[in-house]
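# Structure assessment
The primary structure of each chain is shown beneath.
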Amino acid sequence: MNNFDFIIIGAGSAGCVLADKLSACGNYQVCLLEAGPKDKHWSIHIPLGVIELMKSKVLNWQFNSAAEVTQNNRKIFNPRGRTLGGSSSINAMLYIRGQKQDYDHWAELGNDGWSFNEVLPYFKNTQHQERGESDLHGVNGPLNVANSYSKPPIHDDFILSAQQAGFPLNDDFNGLEQEGIGYYQVTQINGQRCSAAKAFLTPNLHRSNLTVITDAQVQNILIDDKSKDKVATGVCYKVKGHRYNIFATKEVLLSAGTFNSPQLLMLSGVGPKAELTKHDIPLKHELTGVGQNLQDHPDTVVVTHHKRSDLLAIRPKAAWWLFKQGLKYFPLFSDKRTGILTSAVAESGGFIKSKPNLSRPDLQLHFIPASFDDHGRDLKMLLNYGVSIHTCLLRPKSRGSITLYGKKVSLHPKIMLNMLAHEDDRKDMIQAVKIARSILAQPPLNDNNGNEIFPGNNIQSDEEILDFLKNKANTIYHPVGTCKMGSDDLAVVDNELKVHGIKSLRVIDASIMPTLISGNTNAPTIMIAAKIADSILASYQQG
Ligand SMILES: Cc1cc2nc3c(=O)[nH]c(=O)nc-3n(C[C@H](O)[C@H](O)[C@H](O)COP(=O)(O)OP(=O)(O)OC[C@H]3O[C@@H](n4cnc5c(N)ncnc54)[C@H](O)[C@@H]3O)c2cc1C
């Protein structure tokens, strides 16, 4: 089959929602193309597999940034999912929406329809909140949102210590108030990951009008620029070395994520003229904002030795311990999964203010009951019994970019995060380190703490902490903004996510966020796709 009504590029958080909603009525032929394989591997479905997924070369794109001038020329690791479910199949499963003000700000920028009250119905109707229905939570949606199944008591110690340090308790970060410390809710169902694929795609694979092709990397979008209106007509993709062209009678929907969506636009001749000329790509439509405005949450981690025994560590008798945990996860006489294998690693955390006079939180905490370094990839660190407090800045002012290394899609996009470029970000991140230390200094955590591993007791002055941040700060994996929604010079899509100047082409994924939301980005991306899918369906019903 060569012709479809809709072709969706990328089966990630957004692409799975689009595939479900556009194929549900049965009136449209929908094709979903995914560069990665099917989501069969155990590490996707067993939550603790998240540690394994960080290292996977098959299910994770394993991007690294270019040498970051603002961080001593380090090449910073940027994991991204490469399978059905995309990054929702490798993420930490925390369910967060952000702050009301984030979306009201999008609307204030001129993006009609995107205020919090207008997006809230899409958060609600995509979720099934296991705690039940309320003004702010929905039930019976495909995405299962649960209390964490794994709650090692060390998390209670963190929550108590944070309260001792002056931060309030919060039992629902998606409730009326985001501020406070507590347990995260997770996108899991009965102790298994509930990725966007599991929620929106797998149950609908039987639909005869939905074609899903995996291991199919889109090479470029076909754009007809000969007629008066430039129009996207289809895509060229490659499977096992063979190229295929398929055509969209209605629209091409680009959902390849914040790094790959701008890359594909540029490879298709849409983007900044200078960048395309540099790589000898014929310009079909100039859009200077493609790949610009990259934003991500800069993250720092304070790690200390800790004496409690209920930590994630490579311990003596590890095989026996794992065997017992396996029995909890695959119990003989029940189907309820429990134990450490259900752990998304960062069960507790919170949203706090770096300065008391702020009107809303600007920092997010993720507490990890392990001594973590290098994104959990340094397994030697797990020989220590330790705890880690990650602190990230929610609305950074630094901006990075995505450009190209060359004209082939097989080359990774050139990522320049440019974190800590803005002086305010540097100051706030120094404060973030101090706050994490202030929590670790309170009981009950400090009763069991040993020496600090990172930054280390010798790092005390602001200059020393800044130097530590340049050497160690990473992202916490929430890149957005590279195909931003708006009507200014850098905008790539309008408020219906249609690409400016090209018909029948939309970008629908995290890249369209004009500004980063204050929290983890999976649920917001799902909301974006659900909202635009409804709008697409309505437009064709009317037309
Ligand atoms: C390690 C990690 C931990 C995270 N933890 C959390 C968390 O706990 N909570 C949370 O809310 N968010 C978390 N996030 C962020 C969240 O998962 C993402 O913001 C969200 O999944 C982005 O969705 P997306 O649709 O924009 O892109 P993705 O889900 O990344 O989807 C893009 C898809 O497009 C495919 N693709 C790319 N190029 C091509 C091509 N040329 N042809 C065909 N297919 C292509 C990719 O393989 C991928 O499947 C985390 C992310 C990571 C990586």
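Every value quoted in this text rests on a predicted model; they were computed, and no experiment measured them.

Reading the values: the criteria
Residues numbered from 1 in each chain as written. Predicted model: local features only at pLDDT ≥ 70, side-chain atom pairs only at ≥ 80, totals over all residues. Helix = DSSP H or I, 4+ residues; strand = E, 2+ residues; numbered from the N terminus. Rg over C-alpha atoms; globule rule 2.2 N^0.38 Å. Buried ≥ 20, exposed ≤ 12 C-beta atoms within 10 Å, placed from the backbone. Axes fitted to C-alpha atoms, helices over the stretch in contact; angles between N-to-C directions. Parallel < 35°, antiparallel > 145°, perpendicular 65-115°, else oblique. Left-handed = near helix turned anticlockwise from the far one by under 90°. Contact = placed C-beta atoms within 7 Å. Near = placed C-beta within 6 Å. Nonpolar A, V, L, I, M, F, W, Y, C, P; charged D, E, K, R; others polar. Pairing = 2+ DSSP bridges. Expected span 1.5 Å × (residues − 1). Core = buried A, V, L, I, M, F, W, Y, C linked by C-beta atoms within 7 Å. pLDDT = per-residue confidence, 0-100. Arc of directions from axis to C-beta. Right-handed = clockwise from strand over helix to strand, strands pointing away.

### Structural notes on the overall build of the chain
Looking only at helices and strands, the chain has 14 helices and 25 strands in total. Its C-alpha atoms give the chain a radius of gyration of 23 Å, near enough to 24 Å, the size a compact globule of 543 residues would have. Per-residue burial for the chain yields a buried fraction of 54% across its 543 residues.

### Here we look at the packing of helix α1 (residues 13-24) against helix α14 (residues 522-542)
The contact between α1 and α14 brings their axes to 8 Å, and the two run at 30°. It follows that α1 is roughly parallel to α14 by the angle criterion. The way α1 lies across α14 gives a crossing that is right-handed. Contacts from S13, A14, V17, L18, K21 and L22 of α1 reach α14 at N522, T525, I526, I528, A529, A530, A533, I536 and L537.

### Some points on the site of the ligand
As a matter of local geometry, the ligand sits amid 41 residues, with G10, G12, G86, N520 and N522 nearest to it. At the level of secondary structure, the elements contributing two or more residues to the shell around the ligand comprise α1, β12 (217-224), α8 (257-267) and α14. For the shell around the ligand, the residue count by class is 18 nonpolar, 19 polar and four charged.

### Re the pairing of strand β6 (residues 143-147)
The element β6 is extensively covered by neighbouring structure, given that four of its five residues are classed as buried. Two strands pair when backbone bridges link them, and strand β5 (residues 127-129) and β6 are joined in this way by three bridges, in the parallel orientation. Paired with Q127 across the bridge in β6 is L143. Across two bridges, β6 lies against strand β8 (residues 185-186) in antiparallel orientation. Within β8, the residue paired with A146 across the bridge is V186.

### What about helix α11 (residues 423-440)?
One turn of an α-helix holds 3.6 residues; hence residues three or four places apart share an orientation. Over its 18 residues, α11 runs 26 Å from end to end, which matches the ideal 26 Å to within 8%, given 1.5 Å per residue. Looking only at α11, the buried set comprises D425, R426, D428, M429, A432, V433, I435, A436, I439 and L440.

### Considerations on the nonpolar core
Counting 152 residues, the largest nonpolar core has I7 and I8 as its most contacted members. Top element by residues in this core is α14. It accounts for nine residues. Beyond its immediate sequence surroundings of up to four residues, I7 is in contact with C31, L33, G234, V235, I246, A248, V252 and L253.

### Here we look at the sheet that holds β6
The mixed open sheet is built from three strands, whose spatial order is β5-β6-β8. Where the open sheet ends on each side, the last strands, each with one partner, are β5 and β8.

### Regarding the packing of α11 against helix α13 (residues 462-472)
Running from N to C, α11 and α13 cross one another at 100°; their axes reach a closest spacing of 10 Å. Judged by the inter-axis angle, α11 sits roughly perpendicular to α13. From α11, R426, M429, I430 and V433 reach across to α13, where they touch D462, I465, L466 and L469. When grouped by side-chain class, the residues that make up the contact of α11 with α13 number six nonpolar, no polar and two charged.

### Thoughts on the confidence of the model for the chain
Looking at the chain, the pLDDT average stands at 96 and 100% of residues meet or exceed 70. Mean pLDDT in the chain bottoms out at helix α10 (residues 318-329), which sits at 88, and peaks at strand β25 (residues 505-507), which reaches 99.

### So, helix α5 (residues 116-126)
Within α5, burial applies to V119, Y122, F123 and T126. Down the axis of α5, the sector holding all buried residues measures 105°, keeping them to one side. Looking at the packing, one finds that the buried side of α5 touches α4 (100-108), β5, β6 and α14.

### Section: unusual backbone geometry
The omega torsion of the bond from P443 to P444 falls at 0°, within 30 degrees of zero and hence cis. Relative to the assigned elements, P444 resides in the loop between α11 and α12 (445-448). Each neighbour pair has its own omega, and for F454 with P455 the value is -5°, a cis peptide bond. Note that P455 resides in the loop between β23 (449-454) and α13.

### Things to note about the pairing of strand β2 (residues 30-33)
By the alternation rule, side chains of β2 split into V30 and L32 and C31 and L33, which are all buried. As paired elements, strand β1 (residues 3-9) and β2 share four bridges and run parallel to each other. For I7, the partnering residue across the bridge sits in β2 and is C31. On the question of chirality, the crossover connecting β1 to the parallel β2 by way of α1 is right-handed. Pairing analysis gives four bridges linking β2 to strand β11 (residues 210-213), with the strands arranged parallel. When the sheet's bridge partners are listed, L32 is paired in β11 with V212.

### A closer look at the environment of I389
When you line up the elements, I389 lands in strand β20 (residues 386-393). The class for I389 is buried, based on 25 C-beta atoms found within 10 Å.

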